[in-house]
Amino acid sequence: MTIFNLGSINLDHFYEVPHLPQPGETLLATAHSTGLGGKGANQSVAAAQAGARVVHIGAVGPDGAWATSRMQALGVDTTHITPVTSATAHAIINVDPAAENAIVVFPGANMEQSLTQVKIALETAKQGDMLLLQNETNLQVEAATLARAKGLTVIYSAAPFNAKATQALLPLTDILILNAVEMQQLSTATGRAAKSLGPQMIVVTEGSKGGRFVTPEGEGRFPAFPVQALDTTGAGDTHAGYFAAALHEGQPLPDALRLASAASALKVTKKGTADAIPSRSDVDAFLAQQT
């Protein structure tokens, strides 16, 4: 069983700042670091760290070999990452002392996915496999259509939020994941409540408040785990990747959400994105300590 992910790959630049910049303001950062990121790469790494077999479908520029190597080292199958002429995507991430962030992304190679490569990657997919999607690449609708035809479960993170892209994918989505702000934006754009959007399951994350889910059987909430946050960047991606992996291995919904919440809690205690996503053994140990 395999999780396929048509997803972004970024070089993340982290800047620790005394506060998030205001319009027209120049700040001196107190620290700078770089690492692997992008919603797609983060989710692939999270699912792989959770124990799933993950095949990433993506693109990098001539400067992107390091990203492919790092994803391999973190357990992701990178066979279907395509080299293109555009530069590898990068993100500028400002992080304040309260662990809040402000992010600007240059999409670069992420928007040059090849339909041929997507088709080749999904040729090996079987009914019961999964496809992860986000809003940081092109070809989401095409990939979802191919996946649905092969009997895959389509899990879609509607971020960064784009009303047109999200509405196009709703009919092809089995599980929709978004945060509370994105859920409000989607409700405003469609004029519909969560239960009438179409996907069989909707998961709405609410940061330190946990979140809620909507299924045909009803609605419910799931808690967060209190931790001292250092950097919230990538927490939602960690949650999504672990959640997909847990469902893929057959965990009931409450257990899958609990595992995902524990993983995202551990992630925010470390600085960075993909490199800071915890291993399954660390998450299991953390859960064993909870009452």
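Residues numbered from 1 in each chain as written. Predicted model: local features only at pLDDT ≥ 70, side-chain atom pairs only at ≥ 80, totals over all residues. Heavy atoms only, no water.

A. Geometry of the sheet that holds strand β13 (residues 218-222). Taken in spatial order, the nine strands line up as β5-β4-β1-β8-β9-β10-β11-β12-β13 in an open sheet, and their pairing is mixed. This sheet does not close on itself; its edge strands, each paired only once, are β5 (77-83) and β13. Averaged over neighbouring strand pairs, the angle between their axes works out to 15° when direction is ignored. Direction of pairing for strand β11 (residues 201-205) relative to strand β12 (residues 211-215): antiparallel, over a ladder of four bridges. When the bridges of β12 are listed, Val-203 appears paired with Phe-213. Where helix α2 (residues 65-73) meets the sheet, its contacts fall on β4 (54-60) and β5, and the angle it forms with β5 comes to roughly 170°. Across the face of the sheet, helix α8 (residues 253-267) comes into contact with β11, β12 and β13 while running at roughly 150° to β12. (Pairing = 2+ DSSP bridges. Helix = DSSP H or I, 4+ residues; strand = E, 2+ residues; numbered from the N terminus. Axes fitted to C-alpha atoms, helices over the stretch in contact; angles between N-to-C directions. Contact = heavy atoms within 4.5 Å.)

B. Focus on the nonpolar core. Counting 48 residues, the largest nonpolar core has Ile-3, Ile-9, Leu-36, Val-203, Tyr-242, Phe-243 and Val-283 as the members making the most contacts within it. No other element matches α8, which puts nine residues into this core. Residues Leu-122, Ala-158, Leu-170 and Val-214 belong to the second largest nonpolar core, which totals 30 residues. (Core = buried A, V, L, I, M, F, W, Y, C linked by side-chain atoms within 4.5 Å. Buried < 20%, exposed > 50% of the residue type's maximum accessible area, 1.4 Å probe, protein only.)

C. View of the packing of helix α7 (residues 235-248) against α8. Two elements in contact, α7 and α8, have axes separated by 8 Å at closest approach and are oriented at 145°. For α7 against α8, the interelement crossing comes out right-handed. Side by side, α7 and α8 meet where Ala-235, Thr-238, His-239, Tyr-242, Phe-243, Ala-246 and Leu-247 of the first sit next to Leu-253, Ala-256, Leu-257, Leu-259, Ala-260, Ser-261, Ala-263, Ser-264 and Lys-267 of the second. Class assignment of the residues belonging to the contact of α7 with α8 gives a composition of eleven nonpolar, four polar and one charged. (Left-handed = near helix turned anticlockwise from the far one by under 90°. Nonpolar A, V, L, I, M, F, W, Y, C, P; charged D, E, K, R; others polar.)

D. The pairing of strand β1 (residues 3-6), seen in detail. Both faces of β1 are covered, namely the face carrying Ile-3 and Asn-5 and the face carrying Phe-4 and Leu-6. One ladder, built from four bridges, connects β1 with β4; its direction is parallel. Bridge pairing links Phe-4 to Val-55 in β4. Pairing analysis gives four bridges linking β1 to strand β8 (residues 130-133), with the strands arranged parallel. Residue pairing for β8: Asn-5 is matched across the bridge by Leu-132.

E. Seen up close, the sheet that holds strand β2 (residues 10-16). As summarised here, the arrangement of the four strands in space is β3-β2-β6-β7, forming an open sheet in which the pairing is mixed. If you trace the sheet from one side to the other, it starts and ends with β3 (31-37) and β7 (101-106), each paired once. Each strand axis lies, on average, 20° off the axis of its neighbour in the sheet, ignoring direction. Where strand β6 (residues 89-95) lies against β7, six bridges are found, and the strand directions are antiparallel. The residue bridging Val-95 from the neighbouring strand is Asn-101, located in β7.

F. Structural view of α8. Its 15 residues place the ends of α8 21 Å apart at the C-alpha level, agreeing with the 21 Å of an ideal helix rising 1.5 Å per residue. For α8, the complete set of buried residues consists of Leu-253, Ala-256, Leu-257, Leu-259, Ala-260, Ser-261, Ala-262, Ala-263, Ser-264, Ala-265, Leu-266 and Lys-267. Elements in contact with the buried residues of α8: β11, β12, β13, α7 and α9 (280-288). (Expected span 1.5 Å × (residues − 1).)

Nothing here speaks to function; it is geometry throughout.
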